[in-house]
Amino acid sequence: MEPMEIRTLVESDAASWWEIRLEALEKEPFAFGKAAEEHRAAAVETIALRFRDAPEGAFHLGAFEDGHLVGIATFMRETGLKERHKGRIYGVYVTATQRRKGIGRALIAKLLELARQDPSLEQILLAVATRQDAARQLYRDFGFKTYGTERNALKMGSTYIDEDHMILFV
């Protein structure tokens, strides 16, 4: 049995990422801003190009157990002149069968390690659904602080989802 590996995703990981992202959107629809229907419209080839052509300071991480992708996380740097000091975390997900093994914690630790290699980065932001208690606690464990709550940030049918906006100063 191979140990867990966390690494930057490459073009050949696109199909696996596409599948785990679909799982995330279907199983945790209140946790993500994108709908599963929107994701199904995205071609795997488009994802592969996104991995290949990631802008400087952006990366997509994958956690692999026994060679299978079981967790994902994305980091994007802002590109505008007045916002380049910031980065954002998106799309963190660990498959349901692999939870409670520290995979999410390992993904965030690696993401922060890589992000902090850029001395111009000053803060990292994220948004997390207020009903995602485990995720909110994980981010707090890494030092993220809530700086606001957006009421009705997302809407599915007649159900609204509030999001906490969190920040980590590096």
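Refer to the structure above for everything that follows.
As the structure is a computational prediction, the values presented were derived from the model and not from experiment.

Procedures and definitions
- Residues numbered from 1 in each chain as written.
- Predicted model: local features only at pLDDT ≥ 70, side-chain atom pairs only at ≥ 80, totals over all residues.
- Heavy atoms only, no water.
- Pairing = 2+ DSSP bridges.
- Helix = DSSP H or I, 4+ residues; strand = E, 2+ residues; numbered from the N terminus.
- Salt bridge = Lys/Arg side-chain N within 4 Å of Asp/Glu carboxyl O.
- Buried < 20%, exposed > 50% of the residue type's maximum accessible area, 1.4 Å probe, protein only.

1. Digging into the pairing of strand 7 (residues 159–169)
Each regular strand carries side chains that alternate between the two faces of the sheet. Bridging between strand 5 (residues 123–129) and strand 7 involves 7 bridges; their strand directions are antiparallel. Across the sheet, leucine 126 pairs through a bridge with methionine 166, a residue of strand 7. Note that strand 6 (residues 145–156) and strand 7 share 8 bridges and pair antiparallel. Bridged to glutamate 150 within strand 7 is glutamate 163. Remark: 2 residues form the turn of the hairpin made by strand 6 and strand 7, two consecutive strands paired antiparallel; glycine 157 in that turn has positive phi of roughly 60°.

2. A look at the pattern of salt bridges
Scanning the model with the defined rule gives 14 salt bridges in all. Linking arginine 136 and aspartate 164 is a salt bridge whose minimum nitrogen-to-oxygen distance equals 2.9 Å. Note that arginine 136 is positioned in helix 5 (residues 133–141) and aspartate 164 in strand 7, a separation of 28 residues in sequence. Arginine 136 sits in the buried class, given a relative accessible area of 17%. The residue arginine 151 makes a salt bridge to aspartate 162 at a minimum N-O spacing of 2.7 Å. Separated by 11 residues along the polypeptide, arginine 151 in strand 6 and aspartate 162 in strand 7 bring together distant segments of the chain. For aspartate 162, a relative accessible area of 16% puts it in the buried group. It is possible to trace a salt-bridge network through shared partners that takes in Glu5, Arg7 and Asp13.

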